[in-house]
Amino acid sequence: MIASFALLAPSMKSLPLGTAYAVWTGIGAVGALIVGIAVLGEQASAMRIVAALLIVSGLVLVKWSSPA
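Our subject in this report is the structure included herewith. (Residues numbered from 1 in each chain as written. Predicted model: local features only at pLDDT ≥ 70, side-chain atom pairs only at ≥ 80, totals over all residues. Heavy atoms only, no water.)

### Some points on the pattern of salt bridges
Applying the stated criterion to the full structure yields one salt bridge. The salt bridge partner of Glu42 is Arg48, with a shortest N-O separation of 3.2 Å. (Salt bridge = Lys/Arg side-chain N within 4 Å of Asp/Glu carboxyl O.)

Pasting the structure below:
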């Protein structure tokens, strides 16, 4: 978590706040899903995988739409 926050700060020098924060939270959400499936043995249903893909797709679109 400390490393994540430490990497957020320098990224905000070249990205708008909204884009940087969206990517930061999206990576956290998808990362938590992956850890839950891989480490904690949670179910990897098709719906959860599609949801993660939609999050990543949204992050890509936010980044593409940012001026930086």
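### Re the packing of helix 2 (residues 17–38) against helix 3 (residues 46–65)
Contact geometry for helix 2 and helix 3: axes closest at 10 Å, N-to-C directions at 160 degrees. Here helix 2 is positioned roughly antiparallel relative to helix 3, judged by the angle of their axes. Seen along the crossing, helix 2 lies across helix 3 with a hand that is left-handed. Together, Thr19, Ala22, Val23, Gly26, Ile27, Ala29, Val30, Leu33 and Ile37 of helix 2 and Arg48, Ile49, Ala52, Ile55, Val56, Leu59, Val62 and Lys63 of helix 3 make up the contact between the two elements. Classifying every residue of the contact of helix 2 with helix 3 gives 13 nonpolar, two polar and two charged. (Axes fitted to C-alpha atoms, helices over the stretch in contact; angles between N-to-C directions. Helix = DSSP H or I, 4+ residues; strand = E, 2+ residues; numbered from the N terminus. Parallel < 35°, antiparallel > 145°, perpendicular 65-115°, else oblique. Left-handed = near helix turned anticlockwise from the far one by under 90°. Contact = heavy atoms within 4.5 Å. Nonpolar A, V, L, I, M, F, W, Y, C, P; charged D, E, K, R; others polar.)

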